[in-house]
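# Observations on the three-dimensional arrangement
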Amino acid sequence: MSGNAERIVVRKTYKLYIGGAFPRSESGHSYPVHDAAGQFLANASLASRKDARDAVVAARKAFPGWAGRSAYNRAQIVYRIAEVMEDRRAQFEEAVARSEGVKASAATAIVDAAIDRLVWYAGWADKLTQVLGNANPVAGPFFNLSTPEPVGVVAVLAPQSSSLLGLVSVIAPVIVSGNTVVAVSSAARPLPAVTFAEVLATSDVPAGVVNLLTGHLDAVAPRLASHLDVNGIDLTGVEDPALAISLEVAAAENLKLVRRAPGSEPDWSADPGLSRLTQFLQTKTVWHPIGI
Amino acid sequence: MQESVAEEVLAKLKRRMSTLRVGDPLDKNTDIGAINSAEQLAKIRSLSQIGEDEGAGRWSPACELPATGFWFAPTIFTGVTQAHRIAREEIFGPVLSVLTFRTPSEAVEKANNTPFGLSAGVWTEKGSRILWMANQLRAGVVWANTFNQFDPTSPFGGFKESGYGREGGRQGLEAYLA
(Lines give C-alpha, C1' and ligand atoms only; values in the text may rest on other atoms or scores of the structure.)
Protein backbone atom coordinates (compact mmCIF):
# COMPACT_ATOMS: atom_id res chain seq x y z
CA MET A 1 0.00 0.00 0.00
CA SER A 2 1.45 3.34 -1.04
CA GLY A 3 -0.09 5.26 1.88
CA ASN A 4 2.09 3.54 4.52
CA ALA A 5 4.17 6.59 5.20
CA GLU A 6 1.10 8.60 6.13
CA ARG A 7 -0.35 6.09 8.50
CA ILE A 8 -0.97 7.48 11.95
CA VAL A 9 0.83 5.49 14.64
CA VAL A 10 -1.50 3.68 17.04
CA ARG A 11 0.11 4.13 20.44
CA LYS A 12 -0.83 1.97 23.37
CA THR A 13 -2.33 3.68 26.39
CA TYR A 14 -0.95 2.09 29.55
CA LYS A 15 -3.85 1.80 31.95
CA LEU A 16 -4.74 0.37 35.34
CA TYR A 17 -6.29 -3.06 35.77
CA ILE A 18 -9.26 -3.08 38.17
CA GLY A 19 -12.03 -5.67 38.39
CA GLY A 20 -11.05 -7.24 35.06
CA ALA A 21 -11.26 -3.92 33.17
CA PHE A 22 -8.59 -1.48 32.06
CA PRO A 23 -9.65 1.97 33.27
CA ARG A 24 -7.56 5.12 33.20
CA SER A 25 -6.98 6.62 36.62
CA GLU A 26 -10.20 8.25 37.81
CA SER A 27 -8.04 11.30 38.56
CA GLY A 28 -7.18 11.58 34.88
CA HIS A 29 -3.52 11.86 35.85
CA SER A 30 -0.63 10.08 34.17
CA TYR A 31 3.14 10.23 34.56
CA PRO A 32 6.04 9.80 32.15
CA VAL A 33 7.98 6.54 32.20
CA HIS A 34 11.58 6.40 31.00
CA ASP A 35 13.83 3.53 30.07
CA ALA A 36 16.99 2.73 31.99
CA ALA A 37 18.95 5.18 29.79
CA GLY A 38 16.53 8.02 30.51
CA GLN A 39 14.71 7.94 27.16
CA PHE A 40 10.95 8.54 27.26
CA LEU A 41 8.99 5.29 26.86
CA ALA A 42 5.34 6.07 27.52
CA ASN A 43 2.89 7.71 29.87
CA ALA A 44 1.47 5.43 32.54
CA SER A 45 -1.67 5.98 34.62
CA LEU A 46 -1.01 7.62 37.96
CA ALA A 47 -3.23 5.70 40.35
CA SER A 48 -5.08 7.82 42.91
CA ARG A 49 -6.35 6.88 46.36
CA LYS A 50 -9.81 6.48 44.81
CA ASP A 51 -8.39 3.97 42.32
CA ALA A 52 -6.92 2.10 45.29
CA ARG A 53 -10.31 1.99 46.99
CA ASP A 54 -12.00 0.83 43.77
CA ALA A 55 -9.42 -1.94 43.48
CA VAL A 56 -10.11 -3.09 47.05
CA VAL A 57 -13.85 -3.25 46.28
CA ALA A 58 -13.13 -5.37 43.18
CA ALA A 59 -10.79 -7.66 45.14
CA ARG A 60 -13.33 -8.11 47.95
CA LYS A 61 -16.04 -8.97 45.44
CA ALA A 62 -13.83 -11.59 43.80
CA PHE A 63 -12.66 -13.19 47.06
CA PRO A 64 -15.48 -15.64 47.93
CA GLY A 65 -15.58 -17.08 44.42
CA TRP A 66 -11.80 -17.41 44.11
CA ALA A 67 -11.30 -18.87 47.60
CA GLY A 68 -14.25 -21.17 46.99
CA ARG A 69 -12.75 -22.76 43.89
CA SER A 70 -10.95 -26.04 44.30
CA ALA A 71 -7.21 -25.77 44.84
CA TYR A 72 -6.77 -27.88 41.72
CA ASN A 73 -8.70 -25.34 39.67
CA ARG A 74 -6.66 -22.42 41.04
CA ALA A 75 -3.51 -24.35 40.09
CA GLN A 76 -4.80 -24.79 36.54
CA ILE A 77 -5.54 -21.09 36.24
CA VAL A 78 -2.15 -19.98 37.57
CA TYR A 79 -0.54 -22.46 35.17
CA ARG A 80 -2.61 -20.91 32.40
CA ILE A 81 -1.05 -17.50 33.20
CA ALA A 82 2.34 -19.11 32.53
CA GLU A 83 1.09 -20.52 29.23
CA VAL A 84 -0.18 -17.17 28.00
CA MET A 85 3.03 -15.42 29.11
CA GLU A 86 5.03 -17.96 27.15
CA ASP A 87 2.98 -17.09 24.09
CA ARG A 88 3.74 -13.39 24.50
CA ARG A 89 7.35 -13.75 25.63
CA ALA A 90 8.77 -11.48 22.91
CA GLN A 91 6.71 -8.60 24.23
CA PHE A 92 7.84 -9.28 27.80
CA GLU A 93 11.49 -9.61 26.80
CA GLU A 94 11.39 -6.25 25.08
CA ALA A 95 9.58 -4.57 27.96
CA VAL A 96 12.01 -5.97 30.54
CA ALA A 97 15.09 -5.12 28.43
CA ARG A 98 13.98 -1.51 28.01
CA SER A 99 12.63 -0.99 31.52
CA GLU A 100 15.50 -2.59 33.37
CA GLY A 101 18.28 -1.75 30.89
CA VAL A 102 19.47 -5.33 30.57
CA LYS A 103 20.75 -7.15 27.48
CA ALA A 104 18.41 -9.31 25.40
CA SER A 105 19.91 -12.53 26.78
CA ALA A 106 19.41 -11.36 30.36
CA ALA A 107 15.84 -10.29 29.57
CA THR A 108 15.17 -13.77 28.15
CA ALA A 109 16.47 -15.35 31.35
CA ILE A 110 14.26 -13.07 33.45
CA VAL A 111 11.14 -13.95 31.44
CA ASP A 112 12.04 -17.66 31.67
CA ALA A 113 12.36 -17.36 35.43
CA ALA A 114 9.05 -15.45 35.74
CA ILE A 115 7.16 -18.09 33.75
CA ASP A 116 8.83 -20.92 35.68
CA ARG A 117 7.94 -19.25 38.98
CA LEU A 118 4.25 -19.20 38.04
CA VAL A 119 4.42 -22.90 37.23
CA TRP A 120 6.19 -23.60 40.54
CA TYR A 121 3.62 -21.72 42.62
CA ALA A 122 0.74 -23.24 40.61
CA GLY A 123 1.97 -26.65 41.72
CA TRP A 124 1.71 -25.63 45.37
CA ALA A 125 -2.02 -24.79 45.21
CA ASP A 126 -3.22 -28.31 46.00
CA LYS A 127 -0.31 -29.24 48.28
CA LEU A 128 -0.42 -26.42 50.82
CA THR A 129 -3.24 -27.93 52.82
CA GLN A 130 -1.48 -31.26 53.28
CA VAL A 131 1.79 -29.60 54.29
CA LEU A 132 0.31 -26.94 56.60
CA GLY A 133 -2.89 -28.58 57.85
CA ASN A 134 -3.33 -31.57 60.13
CA ALA A 135 -5.62 -33.50 62.42
CA ASN A 136 -5.14 -32.70 66.11
CA PRO A 137 -5.08 -35.51 68.71
CA VAL A 138 -7.32 -33.86 71.30
CA ALA A 139 -7.93 -35.56 74.65
CA GLY A 140 -11.62 -36.15 74.08
CA PRO A 141 -14.10 -37.73 71.70
CA PHE A 142 -13.74 -35.12 68.95
CA PHE A 143 -12.75 -35.04 65.32
CA ASN A 144 -10.44 -32.00 65.20
CA LEU A 145 -8.98 -30.68 61.97
CA SER A 146 -6.84 -27.61 61.22
CA THR A 147 -6.56 -26.23 57.69
CA PRO A 148 -4.82 -23.19 56.20
CA GLU A 149 -7.26 -20.60 54.85
CA PRO A 150 -6.64 -17.49 52.73
CA VAL A 151 -6.77 -14.30 54.78
CA GLY A 152 -8.79 -12.32 52.18
CA VAL A 153 -7.79 -9.16 50.31
CA VAL A 154 -4.03 -8.56 50.31
CA ALA A 155 -2.29 -5.36 49.19
CA VAL A 156 1.01 -6.20 47.52
CA LEU A 157 3.56 -3.43 47.03
CA ALA A 158 5.75 -4.93 44.31
CA PRO A 159 9.54 -4.46 44.20
CA GLN A 160 10.97 -1.35 42.56
CA SER A 161 13.84 -2.87 40.56
CA SER A 162 12.65 -6.24 39.31
CA SER A 163 9.69 -5.13 37.20
CA LEU A 164 8.50 -8.56 36.01
CA LEU A 165 10.18 -11.43 37.89
CA GLY A 166 9.83 -9.56 41.17
CA LEU A 167 6.20 -8.70 40.42
CA VAL A 168 5.28 -12.29 39.54
CA SER A 169 7.20 -13.54 42.59
CA VAL A 170 5.11 -11.44 44.98
CA ILE A 171 1.67 -11.90 43.36
CA ALA A 172 1.62 -15.63 42.50
CA PRO A 173 2.18 -16.99 46.04
CA VAL A 174 -0.59 -14.79 47.44
CA ILE A 175 -3.32 -15.70 44.94
CA VAL A 176 -2.57 -19.40 44.62
CA SER A 177 -3.97 -20.08 48.11
CA GLY A 178 -7.22 -18.20 47.40
CA ASN A 179 -6.43 -14.60 48.40
CA THR A 180 -7.24 -11.73 46.06
CA VAL A 181 -4.72 -8.98 45.44
CA VAL A 182 -4.39 -5.26 44.91
CA ALA A 183 -0.85 -4.87 43.59
CA VAL A 184 1.10 -1.67 43.09
CA SER A 185 3.79 -2.06 40.44
CA SER A 186 7.31 -0.65 40.43
CA ALA A 187 6.85 3.14 40.19
CA ALA A 188 9.66 3.77 37.71
CA ARG A 189 9.22 0.54 35.71
CA PRO A 190 5.47 -0.08 35.41
CA LEU A 191 5.21 -1.15 31.77
CA PRO A 192 5.96 -4.89 32.20
CA ALA A 193 3.30 -4.93 34.95
CA VAL A 194 0.68 -3.49 32.59
CA THR A 195 1.54 -6.13 29.99
CA PHE A 196 1.28 -8.75 32.75
CA ALA A 197 -2.21 -7.44 33.55
CA GLU A 198 -3.15 -8.00 29.91
CA VAL A 199 -2.00 -11.61 30.28
CA LEU A 200 -4.08 -12.00 33.47
CA ALA A 201 -7.13 -10.69 31.62
CA THR A 202 -6.82 -13.48 29.05
CA SER A 203 -5.80 -16.35 31.35
CA ASP A 204 -9.07 -17.45 33.00
CA VAL A 205 -8.16 -15.46 36.12
CA PRO A 206 -11.56 -14.20 37.33
CA ALA A 207 -12.05 -10.42 37.31
CA GLY A 208 -10.89 -8.79 40.53
CA VAL A 209 -8.59 -11.62 41.70
CA VAL A 210 -5.58 -9.49 40.72
CA ASN A 211 -5.91 -5.72 40.42
CA LEU A 212 -2.92 -3.71 39.30
CA LEU A 213 -2.15 -0.09 39.99
CA THR A 214 0.72 1.95 38.54
CA GLY A 215 2.00 5.14 40.12
CA HIS A 216 3.67 6.33 43.30
CA LEU A 217 3.52 4.47 46.60
CA ASP A 218 3.20 7.75 48.52
CA ALA A 219 -0.28 8.27 47.08
CA VAL A 220 -1.80 4.80 47.29
CA ALA A 221 0.13 2.75 49.87
CA PRO A 222 -1.15 4.66 52.95
CA ARG A 223 -4.74 4.18 51.70
CA LEU A 224 -4.24 0.46 51.27
CA ALA A 225 -2.48 0.11 54.63
CA SER A 226 -5.29 1.85 56.50
CA HIS A 227 -8.18 0.33 54.50
CA LEU A 228 -10.43 -1.65 56.85
CA ASP A 229 -11.41 -4.13 54.13
CA VAL A 230 -7.80 -5.12 53.40
CA ASN A 231 -6.64 -8.13 55.45
CA GLY A 232 -2.93 -8.23 54.67
CA ILE A 233 -0.17 -6.11 53.21
CA ASP A 234 3.18 -7.03 51.68
CA LEU A 235 5.67 -4.14 52.00
CA THR A 236 8.36 -5.68 49.76
CA GLY A 237 8.45 -2.69 47.40
CA VAL A 238 8.77 -0.04 50.12
CA GLU A 239 12.31 1.36 50.09
CA ASP A 240 11.78 4.34 52.41
CA PRO A 241 12.08 3.07 56.02
CA ALA A 242 9.94 5.92 57.37
CA LEU A 243 7.13 5.06 54.95
CA ALA A 244 7.42 1.36 55.87
CA ILE A 245 6.98 2.18 59.57
CA SER A 246 3.98 4.44 58.96
CA LEU A 247 2.38 1.72 56.81
CA GLU A 248 2.92 -0.86 59.58
CA VAL A 249 1.30 1.46 62.11
CA ALA A 250 -1.68 2.04 59.79
CA ALA A 251 -1.97 -1.71 59.12
CA ALA A 252 -2.22 -2.45 62.85
CA GLU A 253 -5.57 -0.64 63.09
CA ASN A 254 -7.53 -3.68 61.85
CA LEU A 255 -4.83 -6.28 62.59
CA LYS A 256 -3.68 -6.83 59.00
CA LEU A 257 -1.10 -9.53 58.44
CA VAL A 258 2.06 -7.66 57.46
CA ARG A 259 5.08 -8.80 55.48
CA ARG A 260 7.74 -6.29 56.49
CA ALA A 261 9.87 -4.35 54.01
CA PRO A 262 13.22 -6.04 53.34
CA GLY A 263 16.41 -4.06 53.96
CA SER A 264 17.25 -4.33 50.27
CA GLU A 265 15.54 -5.88 47.28
CA PRO A 266 15.62 -9.70 47.47
CA ASP A 267 17.48 -11.82 44.92
CA TRP A 268 14.53 -12.95 42.82
CA SER A 269 16.53 -15.64 41.03
CA ALA A 270 17.02 -17.52 44.32
CA ASP A 271 14.81 -20.41 45.47
CA PRO A 272 11.72 -18.59 46.79
CA GLY A 273 10.97 -21.01 49.62
CA LEU A 274 7.53 -21.15 51.22
CA SER A 275 7.48 -17.93 53.23
CA ARG A 276 5.50 -15.90 50.69
CA LEU A 277 2.99 -18.74 50.32
CA THR A 278 2.41 -19.03 54.05
CA GLN A 279 2.52 -15.30 54.87
CA PHE A 280 -1.14 -14.60 54.11
CA LEU A 281 -2.73 -17.78 55.42
CA GLN A 282 -4.51 -18.34 58.71
CA THR A 283 -5.48 -21.56 60.42
CA LYS A 284 -9.09 -22.62 60.81
CA THR A 285 -9.82 -25.42 63.26
CA VAL A 286 -13.07 -27.38 63.19
CA TRP A 287 -14.31 -29.50 66.07
CA HIS A 288 -16.99 -32.17 65.83
CA PRO A 289 -17.98 -34.75 68.44
CA ILE A 290 -17.36 -38.43 67.78
CA GLY A 291 -20.06 -40.80 69.04
CA ILE A 292 -22.79 -43.20 68.06
CA MET B 1 -31.43 -19.50 65.03
CA GLN B 2 -33.44 -20.92 62.19
CA GLU B 3 -36.70 -19.00 62.11
CA SER B 4 -38.90 -22.11 62.02
CA VAL B 5 -37.53 -23.47 65.31
CA ALA B 6 -36.45 -20.22 66.99
CA GLU B 7 -39.33 -20.17 69.48
CA GLU B 8 -38.73 -23.71 70.61
CA VAL B 9 -34.94 -23.25 70.87
CA LEU B 10 -35.36 -19.96 72.71
CA ALA B 11 -37.69 -21.56 75.27
CA LYS B 12 -35.18 -24.36 75.92
CA LEU B 13 -32.33 -21.85 76.08
CA LYS B 14 -34.14 -19.77 78.67
CA ARG B 15 -34.91 -22.85 80.74
CA ARG B 16 -31.24 -23.85 80.68
CA MET B 17 -30.02 -20.34 81.40
CA SER B 18 -32.28 -20.21 84.46
CA THR B 19 -30.23 -23.01 85.99
CA LEU B 20 -26.82 -21.33 85.52
CA ARG B 21 -25.07 -20.48 88.76
CA VAL B 22 -23.36 -17.10 88.93
CA GLY B 23 -20.75 -16.80 91.66
CA ASP B 24 -17.27 -17.48 92.99
CA PRO B 25 -15.09 -18.44 90.00
CA LEU B 26 -13.01 -20.74 92.25
CA ASP B 27 -16.08 -22.79 93.14
CA LYS B 28 -16.27 -25.81 90.81
CA ASN B 29 -20.07 -25.61 90.79
CA THR B 30 -20.02 -22.11 89.32
CA ASP B 31 -21.11 -21.72 85.69
CA ILE B 32 -20.49 -17.98 85.33
CA GLY B 33 -17.79 -16.21 87.31
CA ALA B 34 -17.10 -12.54 87.90
CA ILE B 35 -16.43 -9.94 85.21
CA ASN B 36 -12.71 -9.17 85.21
CA SER B 37 -12.84 -5.44 85.95
CA ALA B 38 -15.10 -2.51 86.75
CA GLU B 39 -14.23 -1.08 83.34
CA GLN B 40 -15.35 -4.23 81.50
CA LEU B 41 -18.53 -4.43 83.56
CA ALA B 42 -19.30 -0.83 82.61
CA LYS B 43 -18.80 -1.71 78.93
CA ILE B 44 -21.16 -4.72 79.17
CA ARG B 45 -23.78 -2.61 80.98
CA SER B 46 -23.45 0.19 78.45
CA LEU B 47 -23.76 -2.08 75.39
CA SER B 48 -26.70 -3.93 76.96
CA GLN B 49 -28.45 -0.62 77.59
CA ILE B 50 -27.77 0.34 73.96
CA GLY B 51 -29.28 -3.00 72.88
CA GLU B 52 -32.43 -2.17 74.80
CA ASP B 53 -32.51 1.41 73.48
CA GLU B 54 -32.16 0.16 69.92
CA GLY B 55 -35.24 -1.98 70.36
CA ALA B 56 -33.97 -5.50 71.05
CA GLY B 57 -35.87 -7.64 73.56
CA ARG B 58 -33.87 -8.16 76.79
CA TRP B 59 -34.27 -11.16 79.06
CA SER B 60 -32.37 -12.44 82.08
CA PRO B 61 -33.32 -15.24 84.45
CA ALA B 62 -34.14 -14.40 88.03
CA CYS B 63 -30.74 -15.01 89.53
CA GLU B 64 -29.05 -13.78 92.65
CA LEU B 65 -25.78 -11.95 92.19
CA PRO B 66 -23.16 -11.77 94.97
CA ALA B 67 -23.28 -8.53 96.91
CA THR B 68 -19.69 -7.46 96.26
CA GLY B 69 -17.59 -7.66 93.10
CA PHE B 70 -18.28 -7.17 89.41
CA TRP B 71 -21.21 -9.28 88.26
CA PHE B 72 -23.52 -9.46 85.30
CA ALA B 73 -26.49 -11.78 85.02
CA PRO B 74 -26.65 -13.99 81.88
CA THR B 75 -28.67 -12.09 79.30
CA ILE B 76 -30.40 -12.85 76.00
CA PHE B 77 -31.32 -10.27 73.40
CA THR B 78 -33.97 -11.25 70.86
CA GLY B 79 -35.12 -9.52 67.70
CA VAL B 80 -31.54 -8.42 67.02
CA THR B 81 -30.60 -7.32 63.50
CA GLN B 82 -27.21 -6.90 61.90
CA ALA B 83 -27.44 -3.14 62.32
CA HIS B 84 -27.67 -3.37 66.12
CA ARG B 85 -24.51 -2.41 67.94
CA ILE B 86 -24.79 -5.53 70.12
CA ALA B 87 -24.45 -7.57 66.89
CA ARG B 88 -21.48 -5.55 65.58
CA GLU B 89 -19.32 -4.96 68.65
CA GLU B 90 -17.65 -7.39 71.01
CA ILE B 91 -19.52 -7.41 74.31
CA PHE B 92 -17.18 -9.89 76.02
CA GLY B 93 -19.71 -10.78 78.68
CA PRO B 94 -22.44 -13.38 79.34
CA VAL B 95 -24.71 -11.80 76.72
CA LEU B 96 -26.25 -13.63 73.78
CA SER B 97 -27.68 -11.79 70.78
CA VAL B 98 -30.17 -13.91 68.86
CA LEU B 99 -30.59 -13.28 65.13
CA THR B 100 -32.81 -15.51 63.03
CA PHE B 101 -32.31 -16.87 59.51
CA ARG B 102 -34.28 -18.87 56.97
CA THR B 103 -31.56 -20.51 54.86
CA PRO B 104 -28.03 -21.75 55.64
CA SER B 105 -26.62 -19.13 53.23
CA GLU B 106 -28.37 -16.39 55.17
CA ALA B 107 -26.95 -17.78 58.42
CA VAL B 108 -23.43 -17.74 56.99
CA GLU B 109 -23.83 -14.23 55.62
CA LYS B 110 -25.01 -12.91 58.98
CA ALA B 111 -22.33 -14.78 60.92
CA ASN B 112 -19.57 -13.42 58.68
CA ASN B 113 -20.88 -9.86 58.60
CA THR B 114 -18.65 -8.58 61.40
CA PRO B 115 -15.06 -7.38 61.65
CA PHE B 116 -14.35 -10.20 64.13
CA GLY B 117 -13.87 -13.93 63.72
CA LEU B 118 -12.57 -15.66 66.83
CA SER B 119 -14.96 -18.58 66.93
CA ALA B 120 -18.24 -19.80 65.50
CA GLY B 121 -20.67 -22.51 66.47
CA VAL B 122 -23.09 -24.41 64.29
CA TRP B 123 -25.70 -27.00 65.20
CA THR B 124 -27.37 -29.09 62.54
CA GLU B 125 -28.23 -32.75 62.04
CA LYS B 126 -26.93 -33.06 58.48
CA GLY B 127 -23.26 -33.96 58.02
CA SER B 128 -22.77 -32.40 54.61
CA ARG B 129 -24.36 -29.17 55.82
CA ILE B 130 -22.02 -29.01 58.81
CA LEU B 131 -18.97 -29.37 56.56
CA TRP B 132 -20.30 -26.74 54.17
CA MET B 133 -21.00 -24.30 57.01
CA ALA B 134 -17.57 -24.94 58.54
CA ASN B 135 -15.99 -24.12 55.18
CA GLN B 136 -17.96 -20.91 54.77
CA LEU B 137 -17.64 -19.47 58.28
CA ARG B 138 -14.78 -16.96 58.57
CA ALA B 139 -13.61 -17.82 62.07
CA GLY B 140 -10.46 -19.31 63.54
CA VAL B 141 -12.32 -22.02 65.41
CA VAL B 142 -15.58 -23.63 64.36
CA TRP B 143 -17.42 -25.76 66.91
CA ALA B 144 -19.83 -28.02 65.09
CA ASN B 145 -22.54 -29.66 67.23
CA THR B 146 -20.47 -28.71 70.24
CA PHE B 147 -19.22 -25.47 71.78
CA ASN B 148 -16.41 -23.96 73.83
CA GLN B 149 -14.03 -26.90 73.47
CA PHE B 150 -10.33 -26.33 74.04
CA ASP B 151 -7.29 -28.57 73.96
CA PRO B 152 -3.55 -27.83 74.05
CA THR B 153 -3.08 -29.90 70.87
CA SER B 154 -5.67 -27.86 68.97
CA PRO B 155 -4.78 -24.39 67.65
CA PHE B 156 -6.92 -21.56 69.03
CA GLY B 157 -7.05 -18.03 67.61
CA GLY B 158 -9.09 -15.74 65.43
CA PHE B 159 -9.59 -14.40 61.94
CA LYS B 160 -9.90 -10.71 61.01
CA GLU B 161 -9.79 -8.32 64.00
CA SER B 162 -9.84 -11.15 66.52
CA GLY B 163 -6.08 -11.47 66.68
CA TYR B 164 -2.81 -12.70 65.29
CA GLY B 165 -1.41 -16.20 65.37
CA ARG B 166 -2.55 -19.34 67.13
CA GLU B 167 -2.07 -20.83 70.56
CA GLY B 168 -1.82 -24.58 70.90
CA GLY B 169 -1.25 -27.33 68.40
CA ARG B 170 1.44 -27.47 65.75
CA GLN B 171 0.52 -23.98 64.51
CA GLY B 172 0.86 -22.62 68.05
CA LEU B 173 4.49 -23.76 68.18
CA GLU B 174 5.44 -21.55 65.24
CA ALA B 175 5.82 -18.41 67.34
CA TYR B 176 8.43 -20.21 69.43
CA LEU B 177 10.55 -21.35 66.49
CA ALA B 178 13.23 -19.32 64.75
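Quick summary incoming for the structure in this document. (Residues numbered from 1 in each chain as written. Chains lettered and ligands numbered in written order. Predicted model: local features only at pLDDT ≥ 70, side-chain atom pairs only at ≥ 80, totals over all residues. Heavy atoms only, no water.)

Residue and element names in this part refer to chain B. Strands sit in the order β1-β2-β3 across an open sheet of three strands; the sheet is mixed. One side of each edge strand has no neighbouring strand; the edge strands of this open sheet are β1 (57-59) and β3 (95-97). Strand-to-strand twist across the sheet, computed as the mean angle between neighbouring axes with direction ignored, equals 20 degrees. In this structure, strand β2 (residues 75-78) lies alongside β3, joined through three bridges in parallel fashion. Considered in β3, the bridge of Thr75 is made with Val95. Strand contacts of helix α1 (residues 6-17): β1, β2 and β3, with the helix running at about 165 degrees to β2, the strand carrying the most contacts. (Pairing = 2+ DSSP bridges. Helix = DSSP H or I, 4+ residues; strand = E, 2+ residues; numbered from the N terminus. Axes fitted to C-alpha atoms, helices over the stretch in contact; angles between N-to-C directions. Contact = heavy atoms within 4.5 Å.)

The next subject is the interface of chain A and chain B. Listed by partner, the interface residues are 29 residues for chain A and 29 residues for chain B. Seen at the junction of chain A and chain B, the total is zero salt bridges. The interface formed by chain A and chain B includes 22 residue pairs in polar contact (both at pLDDT 80 or more). Among the secondary structure elements, those contributing two or more residues to the side of chain A that touches chain B are α5 (128-132), β4 (142-150) and β10 (281-289) of chain A. (Salt bridge = Lys/Arg side-chain N within 4 Å of Asp/Glu carboxyl O. Polar contact = N/O pair within 3.5 Å; in protein donor to acceptor, adjacent residues only side chain to side chain.)

Below, the discussion takes up the pairing of strand β5 (residues 119-122) of chain B. Residue and element names in this part refer to chain B. Burial along β5 is one-sided: Ala120 and Val122 are buried, and none of Ser119 and Gly121, which face the opposite way, are. Across four bridges, β5 lies against strand β6 (residues 141-144) in parallel orientation. Within β6, the residue paired with Ala120 across the bridge is Val142. Handedness of the crossover joining β5 and β6 through helix α5 (residues 127-136): right-handed. (Buried < 20%, exposed > 50% of the residue type's maximum accessible area, 1.4 Å probe, protein only. Right-handed = clockwise from strand over helix to strand, strands pointing away.)

As summarised here, the arrangement of the five strands in space is β3(A)-β4(A)-β10(A)-β6(B)-β5(B), forming an open sheet in which the pairing is mixed. Every other strand in the sheet has two partners, leaving β3 (134-135) of chain A together with β5 of chain B as the edge strands with one partner each. Pairing of β4(A) with β10(A) involves nine bridges; the strand directions are antiparallel. Of the residues in β10(A), the one forming a bridge with Phe143(A) is His288(A). Along the sheet, α5(B) contacts β10 of chain A together with β5 and β6 of chain B; its crossing angle with β10(A), the most-contacted strand, is approximately 155 degrees.

The subject of this paragraph is the packing of helix α3 (residues 89-100) of chain A against helix α4 (residues 104-124) of chain A. Residue and element names in this part refer to chain A. The N-to-C vectors of α3 and α4 enclose an angle of 120 degrees; their axes lie 8 Å apart at closest approach. Judged by the inter-axis angle, α3 sits oblique to α4. Classified by chirality, the crossing of α4 by α3 is right-handed. Residue-level contacts link Arg89, Phe92, Glu93, Val96, Ala97 and Glu100 of α3 to Ala107, Thr108, Ile110, Val111, Asp112 and Ile115 of α4. (Parallel < 35°, antiparallel > 145°, perpendicular 65-115°, else oblique. Left-handed = near helix turned anticlockwise from the far one by under 90°.)

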